Amino acid sequence: MTQRMDLQGRHIVLGLSGGIACYKAAELTRGLIKAGATVQVVMSEAAEQFITAVTMQALSSSNVYTSQWDAREPNAMAHINLTRHADAVLIAPASADLMAKLAQGRADDLLSLMCLARPIERCPLLLAPAMNREMWAHPATQRNVALLRADGTTLLGPGNGDQACGEIGDGRMLEAYELVEELVAFLAPKVLAGQRLLITAGPTFEPIDPVRGITNLSSGKMGFAIARAAHEAGAEVTLVAGPVHLPTPRGVRRVDVQTAQQMYEAVVPNAANYSVFVATAAVADWRPASLSDQKIKKNGNKVAPTFELTENPDILAAVAQLPDRPYCVGFAAESHDLLKHAREKLTRKNVPLIVGNLGPATFGRDDNALVLVDAKGHRDIPQADKLTLARALVSEIAQRLNASKP
Ligand code: C5P
């Protein structure tokens, strides 16, 4: 897959304070640069004990700043100059000591001085805490966290799990790729702020016996990408997923189901609590009428078993019939006559928007092309990776929600 330039044109000041998680800052710098950002590294004296400024300079292709007495700046004001053109300051790792300093507004080294001197209205500060679990849980640290949040600082993590000290708990710095994903989400326009989205994704699995079932080739990638894009856009997102092998997008609530009936039960009774419903799931139209509780065996007489099928409920149509229904978006995966079938689905399911795509060409792939069909006409979203398409769809949904406001 080609690299998406999610941070193209962004200038990020990456601050490192002292902690073993400094080793992850090297990978983070690579991730930010690969995503198109320019990166300016600023390190505390303690950070230099864990990783060298040379490593960070080579990875960021830029001089590293470590001291407020740096003579390279003509006006001798590195602490001011560094943040004036930055889109964000991200400190990763943020140590307990640095957080204590920032909470108090102390400024006794370049990193803390620069944070205090940044233009607070237009240069957000994000911290990725990294410390032993006892340090994180300590009331003093938690007091500082509350103060920092009240000052408008955003905390990314910490994560939970094994720590370098051998203990297990809260306080791990998020992984580099998670921090890049969080930063991209943080900087995304919040076009769905205040909205609640319910999304179905993936195939369903309709069991025949304890080891077999009917399913399809849907990978769930499009629905998961929409969940991620909606979260980036500031929505609260619930993702009801059939059996898929995909990680849950950060910040998204996930409900796993197997059958169409389970998906129906997870969606329909709750749908009125959402403002938007997006049905990307490839729900099986039919399920075996009865479930064998034992594996169906060959019987030796070469007669294959026959199955009676029964129709599954149509989840999208059921949501679209609710009296206080959310804004409903359906998907049409077709093999031919895409526009015609999408239009027909718009009417039959009584939904305001159908997203058409060529089914066999997209199942399991990382890219796709969409056509949006509504009562007014249609619009193509050309071939791109699924997250790019999902972001375009999210912005289309946001425009339609705004247009329908009284
Ligand atoms: O015409 P078809 O049923 O294939 O329409 C597909 C659209 O309907 C998709 O949005 C799909 O998620 C949704 N659907 C559903 N429940 C079903 C079948 C399809 O929600 N049982």
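Above this text sits the structure in question.
Here's a quick rundown of the structure. (Residues numbered from 1 in each chain as written. Predicted model: local features only at pLDDT ≥ 70, side-chain atom pairs only at ≥ 80, totals over all residues. Heavy atoms only, no water.)

This model, assessed by the stated rule, comprises one cavity of 30 Å³ or more. The volume enclosed by the largest cavity comes to roughly 70 Å³. Considered class by class, the residues forming the lining of the largest cavity number two nonpolar, one polar and five charged. Per-domain counts for the lining of the largest cavity show at least three residues from each of domain 1 (11–187) and domain 2 (196–403). (1 Å grid on protein atoms, 1.4 Å probe; cavity = no way out; pocket = protein on both sides within 12 Å on 5 of 7 lines; lining within 4 Å. Points joined across faces, edges and corners; volume = space filled by probe spheres on them. Nonpolar A, V, L, I, M, F, W, Y, C, P; charged D, E, K, R; others polar. Domains from an automatic or database assignment.)

Here we take up the site of the ligand. The environment of the ligand is formed by Ala279, Ala281, Val283, Pro313, Asp314, Ile315, Leu316, Gly330, Phe331, Lys345, Arg348 and Lys349. Contact between the ligand and Pro313: a nitrogen atom at 2.8 Å from a main-chain N or O atom of the residue. Here the ligand, which alone exposes 450 Å², has 86% of that area covered by the protein. A majority-of-atoms criterion places the ligand in the second largest pocket. Those elements that place two or more of their residues in the shell around the ligand are helix 11 (315–320), strand 16 (327–334) and helix 12 (338–349). When residues in the shell around the ligand are grouped by element, the largest group, three residues, is from helix 12. Its residues assigned to classes, the shell around the ligand shows seven nonpolar, one polar and four charged. (Near = heavy atom within 4 Å. Polar contact = N/O pair within 3.5 Å; in protein donor to acceptor, adjacent residues only side chain to side chain. Areas by Shrake-Rupley, 256 points an atom, 1.4 Å probe, with all protein chains shown as cover. Sits in = over half its atoms within 2 Å of the grid points. Helix = DSSP H or I, 4+ residues; strand = E, 2+ residues; numbered from the N terminus.)

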